[in-house]
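# Chain and residue survey
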Amino acid sequence: MKKLLFLAFCLALIATVSAAIAQNFISSQSYSINIDTDNDMKGFSSFSEQSSYSSGYQQSSLNLSANNLSQPHILRINTSGTQLKGEIILNGKVVKRLNSNKVEVNLSPLLSVGEHKVEILGRYVPESSGISIEFSGPSTNVIQQTSGNGILNYVLDVSVY
């Protein structure tokens, strides 16, 4: 009887661990959007995304023309929740602290020709709130939305040519 009870316990433990692993399995999606407003490709922007919803991690890539950096490129973060705490980091340097449910920053003065990494790290409450990240500029509009875990971990790789 003890062996049977021990076997049942082991099977239940395996089933529980398997379910936990399956629940935390990362689902991903990728897609690309190319926007060409001029025939000479002057305003060309491209965007690609890879999202991992269960971990709260999201990543996008964006190509921008240096010719457009004289115009604003606005990064907006909004949550339907009551509070958002965190920071926006550009190339390892904190450029903005997140202390409210709506934040906006113009990245144009901070960008130059080359590769840039924009990280948005934070927490929002309540955890069931939705959160939206928007990056807009000339010929560019990227919107990323997520909800449900209270963690914001977003990376935007920006290539300026």
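Rules behind the numbers
- Residues numbered from 1 in each chain as written.
- Predicted model: local features only at pLDDT ≥ 70, side-chain atom pairs only at ≥ 80, totals over all residues.
- Heavy atoms only, no water.
- Helix = DSSP H or I, 4+ residues; strand = E, 2+ residues; numbered from the N terminus.
- Contact = heavy atoms within 4.5 Å.
- Areas by Shrake-Rupley, 256 points an atom, 1.4 Å probe, with all protein chains shown as cover.
- Pairing = 2+ DSSP bridges.
- Axes fitted to C-alpha atoms, helices over the stretch in contact; angles between N-to-C directions.
- Core = buried A, V, L, I, M, F, W, Y, C linked by side-chain atoms within 4.5 Å.
- Buried < 20%, exposed > 50% of the residue type's maximum accessible area, 1.4 Å probe, protein only.
- Polar contact = N/O pair within 3.5 Å; in protein donor to acceptor, adjacent residues only side chain to side chain.
- pLDDT = per-residue confidence, 0-100.

### Quick notes on the overall build of the chain
Assigned secondary structure in the chain consists of 1 helix and 11 strands. Order of helices (α) and strands (β) in the chain, N terminus to C terminus: α-β-β-β-β-β-β-β-β-β-β-β. The long-range share in the chain, meaning contacts at least 24 apart out of those at least 6 apart in sequence, stands at 65%. Accessible area for the chain stands at about 9,300 Å²; split by element, carbon and sulfur atoms hold 56% of it.

### A look at the sheet that holds strand E10 (residues 140-147)
Strands in a sheet are paired, the pairing made by backbone hydrogen bonds, and the direction either parallel or antiparallel. The 4 strands are arranged E7-E4-E9-E10 in an open sheet whose pairing can be described as antiparallel. In the strand order of this sheet, the two ends are held by strand E7 (102-106) and E10, each with one partner. Across the sheet, the mean angle from the axis of one strand to that of its neighbour is 10°, orientation sign disregarded.

### Digging into unusual backbone geometry
Across the junction of valine 125 and proline 126, the peptide omega takes the value -10°, indicating a cis bond. As for its placement among the helices and strands, proline 126 is situated in the loop between strand E8 (114-125) and strand E9 (130-137). With phi around 50°, asparagine 91 is a residue other than glycine that occupies positive phi space. Unlike most non-glycine residues, serine 139 shows phi in positive territory, near 60°. As for its placement among the helices and strands, serine 139 is situated in the loop between E9 and E10.

### Examining the nonpolar core
Core analysis: the biggest nonpolar cluster contains 25 residues, and Leu75, Ile77, Ile88 and Ile120 have the highest contact counts within it. Mapped by element, the contributors of at least two residues to this core are strand E3 (57-64), strand E4 (74-79), strand E5 (83-90), E7, E8, E9 and strand E11 (151-160). Considering every element that reaches this core, the biggest residue donor is E11, with 5 residues.

### Observations concerning the environment of glutamate 87
With respect to the secondary-structure elements, glutamate 87 resides in strand E5. Look at glutamate 87 and you get partly exposed, because its relative accessible area is 22%. Between the C-alpha atoms of glutamate 87 and glutamate 119, which are 32 residues apart in sequence, the distance is 8.1 Å. Those residues in contact with glutamate 87 that sit more than four places away from it in its chain are Val94, Lys96, Arg97, Leu98, Glu119, Ile120 and Leu121. Within the structure, the side chain of glutamate 87 is placed 2.5 Å from the side chain of arginine 97, a separation counted as a polar contact.

### Side note on the confidence of the model for the chain
For the chain, the average pLDDT comes to 76, and 66% of its residues sit at 70 or higher. Mean pLDDT per element in the chain: strand E1 (residues 30-35) is the minimum at 36, and strand E6 (residues 93-98) is the maximum at 96. Taken together, the stretch residues 16-54 has pLDDT below 50 and engages in 74 contacts with residues farther than four places along the chain or on a different chain.

### Let's talk about the pairing of E9
In terms of burial, E9 is largely enclosed, as 6 of its 8 residues are buried. Across 6 bridges, E4 lies against E9 in antiparallel orientation. By the bridge assignment for E9, isoleucine 74 is matched with serine 136. Across 8 bridges, the pairing between E9 and E10 is antiparallel. Note on E10: the bridge partner recorded for isoleucine 133 is glutamine 144. Linking two consecutive strands that pair antiparallel, namely E9 and E10, is a turn of 2 residues; a positive phi of about 60° is found at serine 139 within it.

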